[in-house]
Amino acid sequence: MPTPPDPDLRELLRRADPAADMTTLNASAFVDGVRARIASHATADSWPERVASLHRLLLPLAAALALLASLGAGSAFAFAQHKRERTEFFADAYAVSVDPWLMHTSADQR
């Protein structure tokens, strides 16, 4: 004698394996479904959503470029200051070597 179906057991098995209740598709129906889903996503994307996704992609790049630019500007200012100090040092040294009176004064008096 066959066992009668138990609705509680059937529900428990369906929750454990939801694919058991799914019907199988043939290959052409599957491909048509995939193409329809791709087409629906392509038309569903609105302009603001595309801009927002582009914004999310470009924001880290812009931040990295801003950081590199600030580092470059900072090092350029530091190099300019170093060059200015070096020029003043060598100008003072040249003036001392040319003018004998400057040789006798200390660096603090100049």
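What counts and how
Residues numbered from 1 in each chain as written. Predicted model: local features only at pLDDT ≥ 70, side-chain atom pairs only at ≥ 80, totals over all residues. Heavy atoms only, no water. Helix = DSSP H or I, 4+ residues; strand = E, 2+ residues; numbered from the N terminus. Buried < 20%, exposed > 50% of the residue type's maximum accessible area, 1.4 Å probe, protein only. Areas by Shrake-Rupley, 256 points an atom, 1.4 Å probe, with all protein chains shown as cover. Phe/Tyr/Trp six-rings, centres within 6.5 Å; stacked < 30°, edge-to-face > 60°. Patch = residues over 30% accessible without salt bridge, like charges linked within 9 Å, V, L, I, M, F, W, Y side chains within 5 Å. Salt bridge = Lys/Arg side-chain N within 4 Å of Asp/Glu carboxyl O. Expected span 1.5 Å × (residues − 1). Bend = angle between axes of the 7 residues up to and from the residue. pLDDT = per-residue confidence, 0-100.

Draft legend 1. Region of the structure containing the overall build of the protein. Summing up its helical and strand segments, the protein has 4 helices and 0 strands in all. The burial tally for the protein puts 1% of its 110 residues in the buried class. Just so you have it, the protein exposes about 10,200 Å², and 67% of that area is on carbon and sulfur atoms.

Draft legend 2. Broad picture of the packing of aromatic side chains. Using the criterion set out here, one finds 1 aromatic pair in the structure. With 5.4 Å between their ring centres and 70° between their planes, phenylalanine 89 and phenylalanine 90 make a pair best called edge-to-face. Judged by relative accessible area, phenylalanine 89 falls into the exposed class, the value being 56%.

Draft legend 3. Quick look at a nonpolar patch on the surface. On the surface, Leu54, Leu57, Leu58, Leu61, Leu65, Leu67, Leu68 and Leu71 cluster together to form a nonpolar patch covering roughly 830 Å² of accessible area. Its place among the elements puts leucine 54 in helix 3 (residues 47-98). The exposure class of leucine 54 is partly exposed, given its relative accessible area of 46%.

Draft legend 4. Structural view of helix 3. Across its 52 residues, helix 3 extends 73 Å between first and last C-alpha, which sits within 8% of the 76 Å expected from 1.5 Å per residue. Taken as a whole, helix 3 carries its principal kink of about 35° at leucine 58; the proline proline 60 stands between one and four residues after it.

Draft legend 5. Summary view of the confidence of the model for the protein. Scored by pLDDT, the protein comes out at a mean of 79, with 83% of its residues at no less than 70. At the low end of the mean pLDDT range in the protein sits helix 4 (residues 100-103), at 68; at the high end sits helix 3, at 85.

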